[in-house]
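Next come the chains, spelled out residue by residue.
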Amino acid sequence: MAEERLLLLKNIRTPGYKGDLKAYQAAGGYTALSKALGMKQADLVELVKASGLRGRGGAGFPTGMKWSFMAKNTGKPSYLICNADESEPGTFKDHLLMMQDPHQFIEGMIISCYALDCHHGYIYVRGESQYAIKNLQAAIDAAYKAKFLGKKVAGKDYELDLTIHPGAGAYICGEETALLDSLEGKRGQPRFKPPFPAVAGYNGCPTSVNNVETLTFVPWIVNNGAEAFKAIGTPNNSGTHLVSISGHVNKPGVYEIEMGVPLRTIIEQFAGGVRNGKKLKAVIPGGCSAPILRANEIDLPYDFDSLAKAGTMMGSSAIMVFDEDTDIVELAYRTIKFFNHESCGQCTPCREGTNWLKSMIRDFIDGQGDEALMQRVQRVAGNLIGTTICAFGDATGGPMRTFVQKFPEEFRRHIALSKAS
């Protein structure tokens, strides 16, 4: 029987753990900060690079490498921005960390800011997450009172302030440059790159944007070493990851799983299998922007590289499970309605293409679809891929194209129903 590998959720899984400063320190919290402040900043960056930690926000880019790209000796301040927007449908792991163990995340943010010679960090949180914002602010206030933030962090000659910035709830602000524009008080729209944020990010200064889960791993890596982290998981996919699993399963929730555990094991053992004794029809393995898998395609390791090889992605580790009664055409329509609503409108293929796709999928539901329309859906979806400033076009086009490719019989069933009526 597979079991969780607890690195980040160890405290949360401990009965009676309250998540306040006293409880976190009793569990060994902030010891990594003291250790990190005794290290050279460049050595911390190399430590994270050697650990193989990849970003847990969706792209899976190596964190230490991203940090090493930060421009140095520019005469400008450096910034670390935490993307706590968590806007990908099906994802709720970062929210759990902010609600139930905020100091672990804050310690990771402080260490990471120190590594990047950053003296003011920002946490960009989804504005609707009011309870998480209040909980996080209370933890930050406690950290200031305990001298883990402020003029002399942990008594060392290092100054740091952390500020929470509530966003307006736009999906596109999960894209790092759109997030930066929003943080600067502008409309949240992706920027042309180059320049990249590591050179000219927040207010034109060197900036790194990392998500909550990524930063929360840093204290564990500092305390246990790069090799210990790298020993967990599969090659090029180090450590554990938090999986948000939802849909037609018996035990939805957040699980901490070692990289490389089979997707089928996650669904059947951790999440208790498909509910009500139904058969599995489909799985979206990494949030709505990940191409869908059929039930016979889930016998593969759940890590960044294995899923990419299978033509989909791990994304934000949000697994959505659908049983035999699911209407895939209805699922496709709900998906494209979301993406059409959340398009920032800056790029024509995305702005117009998502609206066309929504209209075409609606035609199947209204009994007006045919074989030619199935081909047109794939063609329009394909035209979104690689044609937009950010990855939104790919995140929309990839899933919409695979709905038709993987489940043509579902669309043909709607065609048959319209002919019979």
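As a reminder, the structure under discussion sits directly above these lines.
Model, not experiment: these values are computed from the prediction.

Reading guide: rules and limits
Residues numbered from 1 in each chain as written. Predicted model: local features only at pLDDT ≥ 70, side-chain atom pairs only at ≥ 80, totals over all residues. Heavy atoms only, no water. Pairing = 2+ DSSP bridges. Helix = DSSP H or I, 4+ residues; strand = E, 2+ residues; numbered from the N terminus. Axes fitted to C-alpha atoms, helices over the stretch in contact; angles between N-to-C directions. Contact = heavy atoms within 4.5 Å. Salt bridge = Lys/Arg side-chain N within 4 Å of Asp/Glu carboxyl O. Buried < 20%, exposed > 50% of the residue type's maximum accessible area, 1.4 Å probe, protein only.

Asks: Account for the sheet that holds strand β4 (residues 207-211), naming residues and giving values.
Replies: Spatially, the 4 strands line up as an open sheet ordered β3-β2-β1-β4, and their pairing is parallel. The open sheet terminates on both sides in strands that have one partner only, identified here as β3 (161-166) and β4. Taken over all neighbouring pairs, the strand axes of this sheet differ in orientation by 20° on average, direction set aside. Bridge count between strand β1 (residues 78-84) and β4: 5 bridges; the pairing is parallel. Bridge assignment links Tyr-79 to a residue of β4, and that residue is Thr-207. Its contacts with the sheet put helix α6 (residues 102-115) on β1, β2 (118-125) and β3, and the angle it makes with β2 is roughly 140°. Along the sheet, helix α7 (residues 130-145) makes contact with β2 and β3, crossing β3 at roughly 170°.

Asks: Which residues make up the pattern of salt bridges, and what values do they have?
Replies: This structure, assessed with the given rule, holds 27 salt bridges. Lys-151 is the salt-bridge partner of Glu-159, the closest N and O atoms lying 3.4 Å from each other. Residue class for Lys-151 comes out exposed when judged on its relative accessible area of 64%. For Glu-410, the salt bridge goes to Arg-413, with nearest N and O atoms at 3.8 Å. Of this pair, Glu-410 and Arg-413 both sit in helix α19 (residues 408-420), separated by 3 residues, roughly a single helical turn. You can call Arg-413 partly exposed: its relative accessible area is 38%. A single salt-bridge network, built from bridges that share partners, covers Arg-56, Lys-93, Asp-94 and Glu-213.

Asks: Let's hear about the sheet that holds strand β7 (residues 240-247): which residues, and what values?
Replies: Strand order across the open sheet formed by 5 strands is β8-β7-β11-β9-β10, with mixed pairing between neighbours. Lying at the two open borders of the sheet, with one neighbouring strand each, are β8 (253-258) and β10 (293-294). Relative to β10, strand β9 (residues 280-284) runs antiparallel, the two sharing 2 bridges. Within β10, the position partnered with Ala-282 by the bridge is Arg-294.

Asks: Break down the pairing of β9 for me, citing the residues and quoting the values.
Replies: Burial runs high along β9: 4 of the 5 residues are buried. Examined bridge by bridge, β9 and strand β11 (residues 318-323) share 4 bridges and lie antiparallel to one another. Opposite Leu-280, over in β11, you have Asp-323 as the bridge partner.

Asks: I'd like a description of the pairing of β1, backed by residues and values.
Replies: With respect to burial, β1 is a largely interior element, 7 of its 7 residues being buried. Neither face of β1 is exposed, since Ser-78, Leu-80, Cys-82 and Ala-84 on one face and Tyr-79, Ile-81 and Asn-83 on the opposite face are all buried.

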